[in-house]
Protein chains: 2
Amino acid sequence: MKHKATSFDIAYKAGVSQSTVSRALRNSPLVNEETRKKVQAIAKELNYKVDKNASNLRSQHTGTLALLLFEDPTMDDSLINPFFLSMLGSITRAAARKGYDLLVSFQQLSEDWHADYEDASKADGIILLGYGDYTDYEEKLIKLHEQGTHFVRYGAVAEGQPGVSFGCDNFHGGYLATKHLIELGRTKFAFLGGADDSCPEFWSRYQGHCKALEEAGLEIRKDCQVNAISTEESGFNAAKQLMELDCEFDAVMGASDMIAIGGMRAFQEHGLKIPEQVAVVGFDDIPISHFTNPPLTTIQQNTKLAGEMLVEALVNLIHDIEVKASLTPAKLVVRKSCGCA
Amino acid sequence: MKHKATSFDIAYKAGVSQSTVSRALRNSPLVNEETRKKVQAIAKELNYKVDKNASNLRSQHTGTLALLLFEDPTMDDSLINPFFLSMLGSITRAAARKGYDLLVSFQQLSEDWHADYEDASKADGIILLGYGDYTDYEEKLIKLHEQGTHFVRYGAVAEGQPGVSFGCDNFHGGYLATKHLIELGRTKFAFLGGADDSCPEFWSRYQGHCKALEEAGLEIRKDCQVNAISTEESGFNAAKQLMELDCEFDAVMGASDMIAIGGMRAFQEHGLKIPEQVAVVGFDDIPISHFTNPPLTTIQQNTKLAGEMLVEALVNLIHDIEVKASLTPAKLVVRKSCGCA
DNA sequence: CTGAAAGCGCTTACAG
DNA sequence: CTGAAAGCGCTTACAG
């Protein structure tokens with residue numbers, strides 16, 4: 001590669017000082033209009049670009065945000081949770097709109113990630129995605145918070161969490177989905193997915209589910225809840241387990257779309273008709289849920305909004321503007337698996 | 001945030017010079033074992049992390065790779081081409097394995113992206129993804145190449161392209177898919193997707209498709225090819241157009257899975273049975289194709305391999321090791337839409 | 001409005 | 001094996 005142009009080269013060509021070049025390029029009001037134009041023209045001609053490392057080093061900020069995605073280490077290399085992927089898309093764009101670059105990193109649950117980013121001055125702040133298992137991370141989150149690292153997370157939102165959290169209104173989503181099924185006349189519900197505090201998001205969904213049941217005077221049958229993590233296979237296995245239990249059901253809520261989709265496969269392999277014999281709803285509204293057979297009724301998380309909120313909050317945090325946790329609305333998307341559309 | 005530790009702080013605490021700290025931290029063989037241990041212990045204690053901006057500035061490389069994803073500006077914010085997403089996953093991991101960070105950026109086709117990355121010394125090299133329309137970018141690619149920028153791209157691989165390109169063996173994939181349908185007894189083929197050099201990847205697939213037809217002595221009916229871009233909607237529209245043509249068909253190849261999936265919807269809405277009346281194959285093997293109704297027979301692109309090759313090639317390029325373009329194998333994945341499994 | 005100078009926190013010849 | 005010094009390419013007080 002040829003010699004890269006520096007601000008000194010431009011200064012020389014323009015007959016001004018290097019300081020003036022620096023100012024002109026950043027549109028400082030201190031610099032004369034004509035000088036600015038001349039400098040910018042020469043910069044363009046020389047294909048000059050400010051050296052980020054130098055400017056970041058000097059000004060002590062990076063102009064980049066780090067996105068840390070957490071995943072189960074068991075997952076196949078190319079199989080990222082589709083929901084995260086759509087968040088990734090909206091976060092990338094939101095960051096770009098705010099003028100930030102995005103550093104993306106997939107973290108295994110075991111790695112010692114906690115200090116790698118902002119401390120290494122690679123990023124001004126961190127976005128954390130995929131902490132289903134919040135409790136496992138609590139300690140690290142607290143440490144991050146103590147260090148004064150700027151970070152926001154997306155996931156379960158609860159009282160007393162360190163840092164700023166955003167998340168979908170999981171409780172209301174679980175409520176909405178279940179209520180919809182009840183209105184369609186279903187009465188015997190099963191739930192596929194973890195329902196305890198080891199997976200706070202699923203738990204909130206489950207609690208919303210239970211609330212709808214209660215309101216309708218329907219029995220909450222704890223034994224019709226089967227644990228599952230958010231994969232098709234886990235949903236499939238959970239559904240098989242459910243069918244072996246002594247538990248009649250005409251409606252099933254999956255704690256996520258992937259679980260619901262795996263569940264549908266198990267039911268269908270078992271000869272159960274969806275939605276006639278079993279109504280199924282999921283949660284997330286990942287793209288796949290349009291295309292399943294039957295298409296999956298689900299709760300949409302507004303990933304676009306969430307991505308924007310996350311980025312905006314983080315940028316505010318970086319600028320020491322106060323920010324508070326909030327919930328993104330959950331929206332029912334009715335398709336055929338619930339027996340309605 | 002508290003005062004961040006620098007190498008001088010460590011030097012002071014360890015009673016050595018700052019140069020020695022720097023060396024010790026990078027495991028230089030020049031430094032005494034004991035000194036090294038002491039320095040590293042103190043660094044850990046102070047939660048010290050090398051300032052990337054400073055070290056990059058000094059050593060003139062960044063340790064990061066930039067991934068530029070090109071997309072149609074018409075697409076919805078959260079709807080990234082699922083195929084790219086899976087490439088993204090495997091590239092991120094491959095980069096991490098090689099010790100590089102990954103900067104991700106979505107580019108609109110209109111933007112002046114070409115010099116923004118390596119020139120700004122944000123990245124040592126660039127990975128380009130999503131140039132379906134190679135011809136539109138030729139000029140920019142040439143410019144990048146001339147500048148000596150390190151880059152690799154994934155997409156159509158052709159003679160005389162600037163830089164290093166990787167891609168799926170699209171021709172063979174188109175051939176395989178079509179041959180499979182022929183062996184199942186289909187004789188009247190239609191093709192959904194662009195079939196000219198404005199979209200070189202689809203074109204190669206089409207040519208492979210035609211070769212299989214020729215080999216089998218089947219007629220190539222140019223009028224049964226309908227243009228489409230890689231979205232469900234475009235596939236849907238193309239299929240509707242096809243049905244309005246005076247063109248009988250019992251087998252349809254979609255230039256991509258999204259096209260095939262949209263096509264299936266159109267056929268089914270029109271009352272055609274898949275695969276009984278129309279066999280359908282796609283291309284890409286995106287996750288959705290497992291879950292369509294019927295599940296889609298398709299050609300798998302090995303995204304994991306591709307991601308690894310891309311990163312490895314780019315890293316070699318950065319170290320001035322020669323690298324040449326190559327193709328990733330195409331593999332037939334038989335599911336139900338072809339009427340076989 | 002402009003310039004000379006300092007300095008961000010490292011790495012790396014150079015000298016010992 | 002270690003240290004003193006230079007310098008990567010900027011930004012930003014400071015002085016005019």
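Residues numbered from 1 in each chain as written. Chains lettered and ligands numbered in written order. Predicted model: local features only at pLDDT ≥ 70, side-chain atom pairs only at ≥ 80, totals over all residues. Heavy atoms only, no water.

If you look chain A up in an unreviewed UniProt entry, it shows as LacI family transcriptional regulator from Catenovulum agarivorans DS-2.

A.B. asks: Please provide a residue-by-residue account of the protein's contact with DNA strand D, values included.
C.D. replies: Neighbouring residues of DNA strand D: 27 residues in total, closest Ser7, Gln18, Ser22 and Arg58 of chain A together with Arg23 of chain B. Of what DNA strand D places within 4 Å of the protein, 57% of the atoms are sugar or phosphate. Here a base oxygen of DNA strand D sits 3.2 Å away from a polar atom, N or O, in the side chain of glutamine 18 of chain A. In the environment of DNA strand D, a phosphate oxygen lies 2.9 Å from a nitrogen or oxygen atom belonging to the backbone of serine 17 of chain B. The residue makeup of the surface near DNA strand D, split by class, is eight nonpolar, 13 polar and six charged. (Near = heavy atom within 4 Å. Polar contact = N/O pair within 3.5 Å; in protein donor to acceptor, adjacent residues only side chain to side chain. Nonpolar A, V, L, I, M, F, W, Y, C, P; charged D, E, K, R; others polar.)

A.B. asks: I'd like a description of the sheet that holds strand E7 (residues 225-226) of chain A, backed by residues and values.
C.D. replies: All names here are of chain A. A sheet is described by the order of its strands in space; here four strands give the open sequence E7-E6-E8-E9, paired in parallel fashion. Among the strands making up the open sheet, the edge pair consists of E7 and strand E9 (279-281). Pairing between strand E6 (residues 189-192) and strand E8 (residues 251-254): four bridges, direction parallel. By the bridge assignment for E8, phenylalanine 191 is matched with methionine 253. Strands in contact with helix H8 (residues 200-215) are E6, E7 and E8; relative to E6, the strand with the most contacts, it is inclined by about 175 degrees. (Pairing = 2+ DSSP bridges. Helix = DSSP H or I, 4+ residues; strand = E, 2+ residues; numbered from the N terminus. Contact = heavy atoms within 4.5 Å. Axes fitted to C-alpha atoms, helices over the stretch in contact; angles between N-to-C directions.)

A.B. asks: Tell me about the pairing of strand E8 (residues 251-254) of chain B, and name the residues and values.
C.D. replies: Residues and elements named next belong to chain B. The alternating pattern of E8 places Ala251 and Met253 on one face and Val252 and Gly254 on the opposite face, and all of these are buried. Taken together, the three bridges between E8 and strand E9 (residues 279-281) define a ladder with parallel strand orientation. When the sheet's bridge partners are listed, alanine 251 is paired in E9 with alanine 279. Chirality of the crossover, the property in question, places the unit of E8, helix H10 (residues 257-269) and E9 among those that are right-handed. (Buried < 20%, exposed > 50% of the residue type's maximum accessible area, 1.4 Å probe, protein only. Right-handed = clockwise from strand over helix to strand, strands pointing away.)

A.B. asks: Any details on the pairing of strand E3 (residues 125-129) of chain B? Residues and values, ideally.
C.D. replies: Residue and element names in this part refer to chain B. Counting buried residues along E3, five of its five residues qualify, which places the element largely inside the surrounding structure. Residues Gly125, Ile127 and Leu129 point to one face of E3 and Ile126 and Leu128 to the other, with burial holding for every one of them. The sheet contact formed by E3 and strand E4 (residues 151-154) spans four bridges and is parallel. Looking across to E4, one finds that leucine 128 is bridged to arginine 153.

A.B. asks: Tell me about the protein's contact with DNA strand C, and please be specific about residues and values.
C.D. replies: Around DNA strand C, a shell composed of 27 residues is seen, among which Arg23 of chain A together with Ser7, Gln18, Ser22 and Arg58 of chain B lie nearest. The contact atoms of DNA strand C, taken as those within 4 Å of the protein, divide so that sugar and phosphate hold 58%. Threonine 20 of chain A places a polar side-chain atom, nitrogen or oxygen, 2.7 Å from a phosphate oxygen of DNA strand C. Glutamine 18 of chain B has a polar side-chain atom sitting 3.2 Å from a base oxygen of DNA strand C. Of all the elements in the fold, those that place two or more residues in the surface near DNA strand C are helix H2 (18-25) and helix H4 (52-59) of chain A together with helix H2 (18-25) and helix H4 (52-59) of chain B. For the surface near DNA strand C, the residue count by class is eight nonpolar, 13 polar and six charged.

A.B. asks: Residue-level account of unusual backbone geometry, with values.
C.D. replies: A cis amide bond links asparagine 293 of chain A to the next residue, proline 294 of chain A, at an omega of -5 degrees. Cis geometry marks the peptide bond from isoleucine 274 of chain B to proline 275 of chain B; its omega dihedral reads 5 degrees. Within the secondary structure, proline 275 of chain B is located in the loop between H10 and E9. At aspartate 320 of chain B, a position not held by glycine, the phi torsion is positive, near 60 degrees. Looking at the element boundaries, aspartate 320 of chain B is found in the loop between helix H12 (303-318) and strand E11 (326-328). Residue class for aspartate 320 of chain B comes out exposed when judged on its relative accessible area of 68%.

A.B. asks: Describe the side chain of serine 90 of chain B, naming the residues involved and giving the relevant values.
C.D. replies: All names here are of chain B. In this fold, serine 90 is placed in helix H5 (residues 82-97). Owing to a relative accessible area of 1%, serine 90 belongs among the buried residues under this scheme. With residues near it in sequence (within four places) discarded, serine 90 still touches Thr303, Lys304 and Gly307.

A.B. asks: Describe in detail the sheet that holds strand E7 (residues 225-226) of chain B, supporting the description with residues and values.
C.D. replies: Residue and element names in this part refer to chain B. With respect to topology, four strands assemble into an open sheet ordered E7-E6-E8-E9, the strand pairing being parallel. In the strand order of this sheet, the two ends are held by E7 and E9, each with one partner. The strands touched by helix H9 (residues 232-244) within the sheet are strand E6 (189-192), E7 and E8, with E6 carrying the most contacts at an inclination of about 145 degrees. Across the sheet, H10 touches E6, E8 and E9, and the angle it forms with E9 is around 160 degrees.

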